[in-house]
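Single-letter residue listing:
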Amino acid sequence: MKHCLKCNEINNNSSLNCANCSSPINELEKLEDNLRPEDRQRFKFIGFAGEGSFGKVYRCQDIKLQKLVALKLIKSECLGNDLFLDLFKRECEFSKNIGEEHLVSTLDYFVADGYAYSVMEFIEGIELSAYIRQKKALKLEEFKKIAVQIASGLHFFHYHGLLHCDLKPSNIMINPSTLKLKLVDFGLSHFKFEENILDKDMVGGTRGYMSPEQESGVKALTAASDIYSVGVIYYETLTGARPEYDESGELIPPSAFCDVLIAAAEKNYFDNEDVDTERLSYEVVNIVDYIDMLIARCLQKEPRGRFKTIEELKAVIEKAGHDFKLDIVIEKTAVNYEIEPAAEPAPDAASKPDAADAGRQIAAVMEGSAVKKIKHSTIMTKILAEPEESKTS
């Protein structure tokens, strides 16, 4: 089969032009040529699934395993790089038949004789980065479901003495319908306190998601480094952007870039005189502050200021708003969205949106519900658990 680089259509080897966009493809290499001879009849290429810095992933039917799989073909320009091939082999070994529901599993791989490819379980979904771009608002329960699964997958790593070292939204696959997700890409993973196999002057990871110590080149990292990366992902999931800091270097809490709303299934719920909206607002503000603070603790510059373990972080997330009976909706206000239609000019620039406006803005999230916007001003307490070692008597 041949992969059209213009439209990503998969074509028959005999095709001279792409069946979809008519681009010439007669000079393109056959995808099967990237496989050792004995595997060239094993896979039926169905479609293009995605591309990273070092390889392309295809959706295939595996004749040998008799199942749909993701086949990752390493780019030819990387095949002569021994360091990269070592990283790729480590990734495959770490994830081979891993059997954890929140980690992608490698089913088979081959690295030798000028070939490098892996067979992975196929995940029906999209990258978390794409999901974040598409979602204007999230219910608190949806955020918690995403956050807890990320922590669960990472717990498996840490429990077995491993660090991920490259956590970011594009390394997490999520099914938008079920919100089930899996962590992927374990190429930089290594054992805690083990110096990774990168060259001495190389820094592995992705800027913007690395912890301060990882970015500074510390080789023997701890679990706290992964926890920092998780904090960045949580912040971005809620706001659509990576963490922002004020002029003094203090973290601006996620809620500063969001509107917070509460929703009830009964359309006239908030018109009922028996409903104490002031108390509800107070409770919601406390819950939002709680989320702000747990993310801020993940993002502490000093490793000892963060959560001590990923299990501790997971437990704290699960408690957020667990006894609040209504839906809390967090709407992003600071970024643009791919699926958001062009905004119509407001008839009165000075007017403020009422509850009905807020309801229309998040109709896709809470259609048919009564919605009330909560006015709140988050004040970050400095506190977030100052480490005992730094306290003086």
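Right above here is the structure, for reference.
**Student:** A description of unusual backbone geometry should follow, citing residues and the corresponding values.
**Tutor:** In this structure, S22 is a non-glycine residue whose phi angle is positive, near 70°. Along the polypeptide, S22 turns up in the loop between β2 (10-11) and β3 (43-51). Residue N97 is not a glycine yet carries a positive backbone phi of 50°. Along the chain, N97 falls in the loop between α1 (82-95) and β6 (106-112).

**Student:** Quick rundown of the pattern of salt bridges? Include the residues and the values.
**Tutor:** Two side chains of opposite charge can pair, provided their charged atoms sit close to one another. Counted under the stated rule, the structure contains 15 salt bridges. Between R279 and E283 there is a salt bridge, and its shortest N-O distance comes to 2.2 Å. Here R279 pairs with E283, and both are found in helix α6 (residues 277-298), just four residues apart, close to one helical turn. Salt bridges sharing partners connect three or more residues here, namely R36, E38, D39, R42, D62 and D108.

**Student:** How would you explain the layout of surface pockets if you had to name every residue and give the values?
**Tutor:** Gaps left between atoms show up when a probe the size of a water molecule is rolled over them. In this structure, the largest pocket encloses a volume near 1,300 Å³. Listing elements by their share of the lining of the largest pocket, those giving two or more residues are β3, β4 (55-62), β5 (67-74), α1, β7 (115-121) and β8 (126-127). Here the lining of the largest pocket takes five residues from α1, the largest share from any one element.

**Student:** Can you explain the pairing of β7? Please cite residues and give values.
**Tutor:** Within a regular strand, the side chains alternate between the two sheet faces. Of all seven residues making up β7, six are buried, and the element is well covered by its neighbours. Examined bridge by bridge, β5 and β7 share five bridges and lie antiparallel to one another. Note on β7: the bridge partner recorded for L73 is Y117. As paired elements, β6 and β7 share six bridges and run antiparallel to each other. Bridge pairing links T106 to M120 in β7. Counting the residues that bridge the hairpin from β6 to β7 gives two residues, and of these D113 lies at a positive phi of roughly 55°.

**Student:** Let's hear about the side chain of K168: which residues, and what values?
**Tutor:** Considering the arrangement of structural elements, one finds K168 in the loop between β10 (162-163) and β11 (172-174). Among buried Asp, Glu, Lys and Arg side chains, K168 stands out as unpaired, with D166 the closest opposite charge at 4.1 Å. Beyond its immediate sequence surroundings of up to four residues, K168 is in contact with T206, Y209 and I233.

**Student:** Lay out the sheet that holds strand β16 (residues 258-264) in plain terms, naming residues and giving numbers.
**Tutor:** Judged by pairing direction, the sheet is antiparallel, and its four strands sit side by side in the order β9-β17-β16-β18 without closing on themselves. Among the strands making up the open sheet, the edge pair consists of β9 (137-139) and β18 (370-374). Sheet twist, expressed as the mean angle between neighbouring strand axes with direction ignored, is 30°. Its contacts with the sheet place helix α5 (residues 223-239) against β9, β16 and β17 (327-332), and it is angled at close to 90° to β17. Where α6 meets the sheet, its contacts fall on β16, β17 and β18, and the angle it forms with β18 comes to roughly 65°.

**Student:** Break down the packing of α6 against helix α7 (residues 310-319) for me, citing the residues and quoting the values.
**Tutor:** Interaxial distance between α6 and α7 falls to 10 Å at its minimum, and their mutual angle equals 165°. With respect to each other, α6 and α7 are oriented roughly antiparallel. Pair α6 / α7 crosses with left-handed handedness. Taken together, the residues of α7 that come into contact with α6 (itself represented by Y290, L294, R297 and C298) are E312, L313, V316, I317 and K319. A class-by-class count of the residues in the contact of α6 with α7 yields six nonpolar, no polar and three charged.

**Student:** If you had to explain the environment of A49 to someone new, which residues and values would you point to?
**Tutor:** You can see A49 is positioned in strand β3. Residue A49 is classed as partly exposed on the basis of its relative accessible area of 45%. Non-local contacts of A49, meaning those with residues more than four positions away in its chain, are made with V57, Y58 and R59.

**Student:** Please set out the pairing of β4 residue by residue, giving values where relevant.
**Tutor:** Extensive coverage of β4 is indicated by the burial of six of its eight residues. Of the strand pairs in this sheet, β3 and β4 are connected by seven bridges, and their pairing is antiparallel. If you follow G47 over to β4, its bridge partner there is R59. As consecutive antiparallel partners, β3 and β4 are separated by three residues. The sheet contact formed by β4 and β5 spans eight bridges and is antiparallel. Bridging from a neighbouring strand, D62 pairs with K67 of β5.

What counts, and where the lines are drawn
- Residues numbered from 1 in each chain as written.
- Predicted model: local features only at pLDDT ≥ 70, side-chain atom pairs only at ≥ 80, totals over all residues.
- Heavy atoms only, no water.
- Helix = DSSP H or I, 4+ residues; strand = E, 2+ residues; numbered from the N terminus.
- Salt bridge = Lys/Arg side-chain N within 4 Å of Asp/Glu carboxyl O.
- 1 Å grid on protein atoms, 1.4 Å probe; cavity = no way out; pocket = protein on both sides within 12 Å on 5 of 7 lines; lining within 4 Å.
- Points joined across faces, edges and corners; volume = space filled by probe spheres on them.
- Buried < 20%, exposed > 50% of the residue type's maximum accessible area, 1.4 Å probe, protein only.
- Pairing = 2+ DSSP bridges.
- Lys, Arg positive; Asp, Glu negative; His and termini not counted.
- Contact = heavy atoms within 4.5 Å.
- Axes fitted to C-alpha atoms, helices over the stretch in contact; angles between N-to-C directions.
- Parallel < 35°, antiparallel > 145°, perpendicular 65-115°, else oblique.
- Left-handed = near helix turned anticlockwise from the far one by under 90°.
- Nonpolar A, V, L, I, M, F, W, Y, C, P; charged D, E, K, R; others polar.

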